[in-house]
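The lines below spell out each chain.
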Amino acid sequence: MSGAALMITRCATVLPPEPRWARDGTRTSPPGWFDYKTELGPRGYKYLPPALHYLLTAARHALADGVGAAGVVLGTNSAVSALHAAMDRTVVQSHSAELSPMLAPYFSVNLAAGKLASEHRLTGFQLTLTSPRIAGLEAIQVAARALAMGRASCLLIAATEAAPDPAEPGADRGEEGAVVLVARPLSNVDASGAGVRSTAGSAGSSAALSGGGTCRARTFFVPPDAPHRAGEALAAAWAGLGLWDGGSAGGTSKWLRDGGSAGGISKWLPPDGGPRIVAVLDDSPVARRIAAALDGRARVIPAAAGCLEPLVQVAAALRAEREATVVLSASAEGNVATALVTPPGAV
Amino acid sequence: MESTATVLDMEKLRAVVAEVLDVEVDAVTDDAHLVDDLGVDSLMALEVTVVLERTYQVKLDESELPQVITLRKMHELLAQKIQQQSVV
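Just so it is clear, the model here is predicted, and its values are computed rather than measured. (Residues numbered from 1 in each chain as written. Chains lettered and ligands numbered in written order. Predicted model: local features only at pLDDT ≥ 70, side-chain atom pairs only at ≥ 80, totals over all residues. Heavy atoms only, no water.)

Some remarks on the confidence of the model for chain A
Basically, it comes down to this: Residue-level confidence of the predictor, termed pLDDT, takes values from 0 up to 100. What makes two residues a contact is simply this: any of their non-hydrogen atoms within 4.5 Å.
Residues with a pLDDT of 70 or more make up 82% of chain A, whose mean pLDDT is 85. Taken together, the stretch residues 190–201 of chain A has pLDDT below 50 and engages in 20 contacts with residues farther than four places along the chain or on a different chain.

Pasting the structure below:
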């Protein structure tokens, strides 16, 4: 898949102040960290799943000062997980006539992007991605492709998650919050938003990125039953991002094969002064293989249940001073995505 | 015998409707128009119906909904329904 680059001119986040990881691997957010009435207004938002509250709030921050966008690519894994479970319980325990008509439309996960589009008149297109763990990073790739093809001059790249239903797998590692990035083609950047700026908000923050940061992403698949292919696939993806010269002479970085076997894992030997690497990984076989390939050179962040954390790391990388960052994530199902993020100061 | 009007407490009904409509209780006056004054659309009308049926254990027919344009009308219809059920 292509790794076309795009420019990020604004980024906004709505996140719990301190998501906590317990020793048993569970993750929780401080109770009451978000009040939709404070963030969105006293009326009109009651009948929305929490993930939409976070998403709409982040979008308001990102689109402040009259910034306009034509469409949105949204990644989510658990935006409506709790709603689906509640609907199932209502039907099983009572009757479908008991379902809330106001919430019923949100049985479709696509309605999250649809609500955002109607709120901000995003009349171009809206697309929802649900690939496990990587949907947020995948949204960068899809948006870059759309921008490169001229389908829009400005798009939102977003990820939103809410606590999954307690009965769902991974519910003890649920994510809450949203990230929204404003993206433009590299050749069509309005730098009028110069100056990094943060807006005050009880749960959200946004920043206009002076001159814009750049971002490109690639996705690939590693069969869970053949995780030894992860190193090769990652090498190819990073070559596509320009992080590796593909083995040509004169390169300053390279991959080492493990024992010379064709299918063996590779180890990444980064060039001096190369980008820092942030890997959002779980303990699945695919993730373990990738961690091994990185050979301790990545800052590994424990993966939560959704696709939010990788895009949170992209937002953090965009706000960095000068250093480029590679963000990487993988799912147990074999989905892998990686993004190269260059903050405004390093473009 | 206690009248249906006292069984069906107007203030409780007002609070239930205000909660469903996500407005202040004071905004739900006896004669406030549900559509013109409180912004109720067709989907919200269905939400109100579901909550009223569950709260008061009655069945509201779709054909009866157009006449329910105020809280007072809603109270009258519900009182009538409750009385019919008590007779049955």
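Moving on from the model shown.
Brief notes about the packing of helix α3 (residues 42–56) of chain B against helix α4 (residues 71–87) of chain B
Geometrically, a packed helix pair is captured by the angle between its two axes and the distance between the axes. Residues and elements named next belong to chain B. Spelled out, the test is: Lines fitted to the C-alpha atoms define the axes, with helices restricted to the stretch that makes contact. Angles between their N-to-C directions range from 0 to 180 degrees. The numbering of helices and of strands both runs from the N terminus, where a helix is a DSSP run of H or I of at least 4 residues and a strand a run of E of at least 2. Relative orientations are named as follows: roughly parallel for angles under 35 degrees, roughly antiparallel for angles over 145 degrees, roughly perpendicular for angles from 65 to 115 degrees, and oblique for any other angle. Whether a crossing is left-handed or right-handed is set by the direction in which the near helix is turned from the far one by less than a right angle, anticlockwise for left-handed and clockwise for right-handed.
The N-to-C vectors of α3 and α4 enclose an angle of 40°; their axes lie 12 Å apart at closest approach. Relative to α4, the element α3 lies oblique. Note on packing geometry: the crossing formed by α3 with α4 is right-handed. Across the interface between the two elements, V48, L52 and Y56 from α3 touch M74, L78 and I82 from α4.

Some words on the nonpolar core
All names here are of chain A. Heads up, the condition is: Buried Ala, Val, Leu, Ile, Met, Phe, Trp, Tyr and Cys residues that are joined via side-chain atoms within 4.5 Å together make up what is termed a nonpolar core. The classification of residues rests on relative accessible area computed with a 1.4 Å probe and restricted to protein chains. Under 20% of the type maximum is buried, over 50% is exposed, and intermediate values are partly exposed.
Grouped together as the largest cluster of nonpolar side chains are 37 residues, with contacts concentrated most on Y54, V72, L74, L116, L122, L156 and V180. With 8 residues, helix α2 (residues 50–62) is the single largest residue contributor to this core. Each residue touching L74, except ones within four places of it in the same chain, is listed here: L55, A112, A113, L127, T128, L129, A158, A159 and T160. Ranked by size, the runner-up nonpolar core spans 36 residues in total, among them L6, A217, A315 and V341.

A word on the packing of aromatic side chains
All names here are of chain A. Note the following rule: Note on aromatic pairs: the rings of Phe, Tyr and Trp (six-membered ring only in Trp) are paired at centre separations within 6.5 Å, and the planes decide the class, stacked below 30 degrees, edge-to-face beyond 60, tilted for the rest.
Inspection of every chain in the model, using the stated rule, returns 3 aromatic pairs over all chains. Their ring planes at 90° and their centres at 5.0 Å tell us that F34 and Y54 sit as a pair that is edge-to-face. Highlighted residues: F34 in the loop between β3 (27–28) and α1 (36–40) and Y54 in helix α2, separated in sequence by 20 residues. Grouping residues by exposure puts F34 and Y54 together as buried.

So, the pairing of strand β6 (residues 155–161) of chain A
All names here are of chain A. Here is the rule: Two strands form a pair only when DSSP identifies at least two bridges running between them.
The buried fraction of β6 amounts to 7 of the 7 residues, a majority that puts the element mostly inside the structure. Residues L155, I157, A159 and E161 line one face of β6 and the alternating positions L156, A158 and T160 line the opposite face, and both faces are buried. Both strand β4 (residues 71–75) and β6 contribute to a ladder of 5 bridges, which runs parallel. Of the residues in β6, the one forming a bridge with V72 is L156.

Some details on the confidence of the model for chain B
Residue and element names in this part refer to chain B. Here chain B shows a mean pLDDT of 88. Residues at 70 or above account for 91%. For chain B, per-element mean pLDDT is lowest for helix α1 (residues 4–7), which scores 49, and highest for helix α2 (residues 10–21), which scores 96. Across the predicted assembly, pTM comes out at 0.88 and ipTM at 0.83.

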